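# Secondary and tertiary structure notes
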Amino acid sequence: SAASVDFAAKKNVKRARALMGKDVLDIKEEAKRVKLTSEESVEEKEYATGRWTAEEHTLFLSGLDKFGKHWRKIAKHIQTRNYVQTRTHAQKYFKKVAKERLNLGK
């Protein structure tokens, strides 16, 4: 009868929701575990801030020669700057070099 089909459908929906809820909780727990694991495996390193020292810039130039535009490798070579800082330094450096070349042409 229609009532028994309706009851069976509601029962299946409840079972599906319970399973889905369990899956969602499992996914959330797994995400927390993975996040904790990845955070634990990443070393917290303090990087320098502010102006680059002459030594850092020299290491930047040697890294640029050695690794090309692979900022992560250059940052690892410098050790005191992360790759975002290294990439930003490179942008400013290339802009400065281009400006100096224009000024030489005048």
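Residues numbered from 1 in each chain as written. Predicted model: local features only at pLDDT ≥ 70, side-chain atom pairs only at ≥ 80, totals over all residues. Heavy atoms only, no water.

Bringing the nonpolar core into the picture now. Counting seven residues, the largest nonpolar core is built from W52, F60, L64, W71, I74, I78 and A90. Of all the secondary structure elements, the ones that give two or more residues to this core are α2 (54–67) and α3 (71–78). No other element matches the three residues that α3 contributes to this core. Leave out the neighbours within four places in its chain, and F60 touches W52, W71, I74, I78, T86, H89, A90 and Y93. (Core = buried A, V, L, I, M, F, W, Y, C linked by side-chain atoms within 4.5 Å. Buried < 20%, exposed > 50% of the residue type's maximum accessible area, 1.4 Å probe, protein only. Helix = DSSP H or I, 4+ residues; strand = E, 2+ residues; numbered from the N terminus. Contact = heavy atoms within 4.5 Å.)

Moving on: the packing of aromatic side chains. Following the criterion strictly, the structure yields three aromatic pairs and no others. Centroid distance F60 to Y93: 5.7 Å. Interplanar angle 80°. Geometry classified as edge-to-face. One end of the pair, F60, is in helix α2; the other, Y93, is in helix α4 (residues 83–104), and 33 residues separate them in sequence. The class for F60 is buried, based on a relative accessible area of 0%. Among the residues examined, Y93 registers a relative accessible area of 23% and is labelled partly exposed. Seen in terms of ring centroids, Y93 and F94 are 5.7 Å apart; in terms of plane orientation they differ by 55°. Their pairing is tilted. Linked through ring pairs, W52, F60, Y93 and F94 together constitute an aromatic cluster. The ring of F94 has K69 sitting right over it, with the charged end atom 5.1 Å from the ring centre. Positioned above the aromatic ring of Y83 is the side chain of R72, whose terminal nitrogen or guanidinium carbon lies 3.8 Å from the ring centre. (Phe/Tyr/Trp six-rings, centres within 6.5 Å; stacked < 30°, edge-to-face > 60°. Lys NZ or Arg CZ within 6 Å of the ring centre and 35° of its normal.)

In this section: the layout of surface pockets. Here the largest pocket defines a volume of roughly 190 Å³. The wall of the largest pocket is formed by G50, R51, W52, Q85, T88, H89 and K92. As a volume, the second largest pocket reaches approximately 160 Å³. As for the second largest pocket, its lining consists of K45, Y47, R72, A75, K76, Q79, R81, N82 and Y83. The dominant element in the lining of the second largest pocket, judged by the number of residues it contributes, is α3, at three residues. Here the residues of the lining of the second largest pocket sort into three nonpolar, two polar and four charged. (1 Å grid on protein atoms, 1.4 Å probe; cavity = no way out; pocket = protein on both sides within 12 Å on 5 of 7 lines; lining within 4 Å. Points joined across faces, edges and corners; volume = space filled by probe spheres on them. Nonpolar A, V, L, I, M, F, W, Y, C, P; charged D, E, K, R; others polar.)

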